[in-house]
Amino acid sequence: MGNYAMSGDFLHGGATDRMHMRFPNAPEPWIDLSTGINPWPYWDTAVSSEAFKRLPTEAAYRACLCAMAKAIGTAEEFVALAPGSELLIRLLPVLIHPRKVAILSPTYGDHSVVWRQAGADVIETRNPLADVEAVEAIIICNPNNPDGRTFSPDVLEEARRELAQRGGWLIVDEAYGDLDPTNSISPAGGRDGQIIIRSFGKFFGLAGTRLGALIAPAPLRAAMADQLGVWPVSGGALEIGARAYADLDWQARTRIALADASARLKDILLAGGLKPVGGTDLFQYVEIDDAHAIWEHLARKGIYVRRFDWSDRHLRIGLPANSQEEAWLAKALSLSI
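The rules behind these values
- Residues numbered from 1 in each chain as written.
- Predicted model: local features only at pLDDT ≥ 70, side-chain atom pairs only at ≥ 80, totals over all residues.
- Heavy atoms only, no water.
- Salt bridge = Lys/Arg side-chain N within 4 Å of Asp/Glu carboxyl O.
- Helix = DSSP H or I, 4+ residues; strand = E, 2+ residues; numbered from the N terminus.
- Buried < 20%, exposed > 50% of the residue type's maximum accessible area, 1.4 Å probe, protein only.
- Arc of directions from axis to C-beta.
- Contact = heavy atoms within 4.5 Å.
- Core = buried A, V, L, I, M, F, W, Y, C linked by side-chain atoms within 4.5 Å.
- pLDDT = per-residue confidence, 0-100.
- Phe/Tyr/Trp six-rings, centres within 6.5 Å; stacked < 30°, edge-to-face > 60°.
- Lys NZ or Arg CZ within 6 Å of the ring centre and 35° of its normal.
- Axes fitted to C-alpha atoms, helices over the stretch in contact; angles between N-to-C directions.
- Parallel < 35°, antiparallel > 145°, perpendicular 65-115°, else oblique.
- Left-handed = near helix turned anticlockwise from the far one by under 90°.
- Patch = residues over 30% accessible without salt bridge, like charges linked within 9 Å, V, L, I, M, F, W, Y side chains within 5 Å.
- Areas by Shrake-Rupley, 256 points an atom, 1.4 Å probe, with all protein chains shown as cover.
- Pairing = 2+ DSSP bridges.

Chemist: Whenever I open this one, the pattern of salt bridges confuses me. Can you help?
Modeler: Should the charged atoms of two oppositely charged side chains come close, the side chains can pair. A complete count under the given rule lists 20 salt bridges for this structure. The partner of Asp44 in a salt bridge is Arg243, with the nearest N and O atoms 3.1 Å apart. With Asp44 in the loop between β1 (31-32) and α3 (49-53) and Arg243 in helix α10 (residues 235-246), this residue pair connects regions lying 199 residues apart in the sequence. Residue Arg243 is classed as partly exposed on the basis of its relative accessible area, which comes to 26%. Across the salt bridge formed by Lys53 and Glu50, the nearest N and O atoms sit 3.3 Å from each other. One end of the pair, Lys53, and the other, Glu50, are both in helix α3, three residues apart, so they sit about a helical turn from each other.

Put into structure tokens, the structure is as follows:
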């Protein structure tokens, strides 16, 4: 089984450096299915030399912000761009101070970490909306990571109204919101008591670009902008983001391609004895006995998937990038049965 106390890969996916060190005899190149990031990234990543030689301009910032706002259907005045959504998650406790927070569980782990560090009383629960009358903030990833669970805009709006009446907050992390815009609450951005966090890197497949956004009532948006400073996003990220968000045809085609790839992945997993019990079009969430042993078996075959310290029955598996990777995953799973 190996030493599971080595927990670097537990915190997030993408720890390929640790995987190389731990499994030096694994086949190369590694197939990294641990992150839930689109393996077919947005194609036009050219960046002008000016983006590197000069400080980012207000015009570049506005171009990216406007393209994003139009793509997700929200009003520009409620949007603040950031160098990724992770920083926004960590800065929120600086700006708002709920004493009791209900967080959907299991979910992206940093949400509970930052609120505990801020001194909040954190409730991790499968049904945070049931605690709406007892807490001052509710945090939900929609769709959720890692199980893909979704909450309808109507249900979230009901919770927002209840929280806003008491000065509370509904915080919705839409890191995977681009997959299904019909389930996003971004078009209702700016409402009292509502904070939305968006990520560019997952759907567009460009996580290293480090681009995200906060969508919130104007005073909170302005406060976050002050925290982020004068040049919050690099010039290169602004140029790429502006083009990608404006390319609605690419986004529509990509949603179809991801759905098809997700269906193929589900078939491979079922044939390999892994039971999908959730997920999105960027990853499958599977249940199987002794998941950590399967994780290690796949790692020895050069396939890196996501495991969890809170469960030995679940794995999260992202999309293979091509038919060769699909075939290798299928073969590796057949050898584990």
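Now that the structure has been shown, the text picks up again.
Chemist: Looking at this structure, how should I read helix α9 (residues 218-228)?
Modeler: It helps to recall that an α-helix has 3.6 residues per turn; residues three or four apart then point in one direction. Every buried residue belonging to α9 is among Leu220, Met224 and Leu228, and all of these are buried. With its buried residues spanning 80° around the axis, α9 presents them on a single face. The outward face of α9, more than 90 degrees from its buried face, is lined by the exposed residues Pro219 and Asp226. Summarising the contacts, the buried residues of α9 are in contact with β2 (79-82), α5 (85-95), β6 (169-174), β7 (194-199) and β8 (212-215). Downstream of α9 by a residue or two, Gly229 has a phi angle that is positive, lying close to 95°.

Chemist: Help me out: how do you make sense of the nonpolar core in this one?
Modeler: Burial of nonpolar side chains together is a common tendency in soluble globular proteins. Ranked by internal contacts, the top residues of the largest apolar core, which has 75 residues, are Leu81, Ile138, Leu315, Ile317 and Leu329. Once residues lying within four places of it in the same chain are set aside, the contact partners of Ile138 are Ala102, Pro128, Leu129, Val132, Leu163, Trp169, Leu170 and Ile171.

Chemist: Hey, could you run me through unusual backbone geometry in this one?
Modeler: Outside of glycine, negative phi angles account for most residues, and trans bonds account for most peptide bonds. In this chain, Glu28 is followed by Pro29 through a cis amide linkage whose omega measures -10°. With respect to the helices, strands and loops of the structure, Pro29 is situated in the loop between α2 (16-22) and β1. Following Asn142, the chain continues to Pro143 via a peptide bond in cis, the omega torsion being 0°. Relative to the helices and strands, Pro143 resides in the loop between β5 (137-141) and α7 (153-165). Notably, Asp290 is not glycine yet its phi reads approximately 55°, a positive angle.

Chemist: What's the story with the confidence of the model for the protein in this structure? I'm lost.
Modeler: Detailed reading of the predicted coordinates is not advisable wherever pLDDT falls low. On average, residues of the protein score 95 in pLDDT, and 96% of them are at 70 or above. Within the model, the stretch residues 1-6 combines pLDDT values under 50 with 17 contacts to residues more than four positions away or in other chains.

Chemist: Explain the packing of aromatic side chains to me, please; I cannot follow it from the model alone.
Modeler: The description of an aromatic ring pair rests on the distance of the ring centres and on the angle between the ring planes. Evaluated as defined, the whole model comprises 13 aromatic pairs. Both rings, one in Phe23 and one in Trp295, keep their centres 5.9 Å apart while their planes meet at 65°; by these two values the pair is edge-to-face. Of this pair, Phe23 sits in the loop between α2 and β1 while Trp295 sits in helix α12 (residues 291-300), and the two are 272 residues apart along the sequence. Centroid distance Phe308 to Trp310: 4.7 Å. Interplanar angle 25°. Geometry classified as stacked. When its relative accessible area of 4% is taken as the criterion, Phe308 is described as buried. Three or more aromatic residues link up through ring pairs in this structure, and these residues are Tyr42, Trp43, Phe200, Phe203, Phe204, Tyr245 and Trp250. Sitting over the face of the ring of Tyr176, Lys202 holds its NZ or CZ atom 5.7 Å from the ring centroid.

Chemist: So what exactly am I meant to see when it comes to α12 here?
Modeler: Taking burial as the measure, the 10 residues of α12 include eight buried ones, the bulk of the element. Residues Ala291, His292, Ile294, Trp295, Glu296, His297, Leu298 and Ala299 constitute the buried set of α12. Looking one or two residues past α12, Gly302 carries a phi angle of roughly 80°, positive in sign.

Chemist: Explain the packing of α5 against α9 here, please?
Modeler: Where α5 contacts α9, the axes come no closer than 11 Å and their chain directions differ by 115°. The angle between the axes of α5 and α9 places the two elements in the roughly perpendicular class. Note that α5 runs across α9; the crossing there is right-handed. Each of Leu87, Leu88, Leu91, Leu92, Val94 and Leu95 in α5 lies in contact with α9, whose residues at this interface are Leu220, Ala223, Met224, Gln227 and Leu228.

Chemist: Please clarify how a nonpolar patch on the surface should be interpreted in this entry.
Modeler: Together, Leu55, Val230 and Trp231 make up an exposed nonpolar region whose accessible area comes to about 360 Å². With respect to the secondary-structure elements, Leu55 resides in the loop between α3 and α4 (58-72). Look at Leu55 and you get exposed, because its relative accessible area is 54%.

Chemist: So what exactly am I meant to see when it comes to the sheet that holds β7 here?
Modeler: One key point about sheets: their strands pair by backbone hydrogen bonds, in either a parallel or an antiparallel sense. Here seven strands make up an open sheet; going across it, the order is β2-β8-β7-β6-β5-β3-β4 and the pairing mixed. Edge positions in the open sheet fall to β2 and β4 (121-125), since each of these has one partner strand only. The average angle at which neighbouring strand axes cross in this sheet is 20°, direction not considered. Pairing analysis gives three bridges linking strand β3 (residues 100-104) to β5, with the strands arranged parallel. Pairing of Ala102 across the sheet is with Ile138, part of β5.

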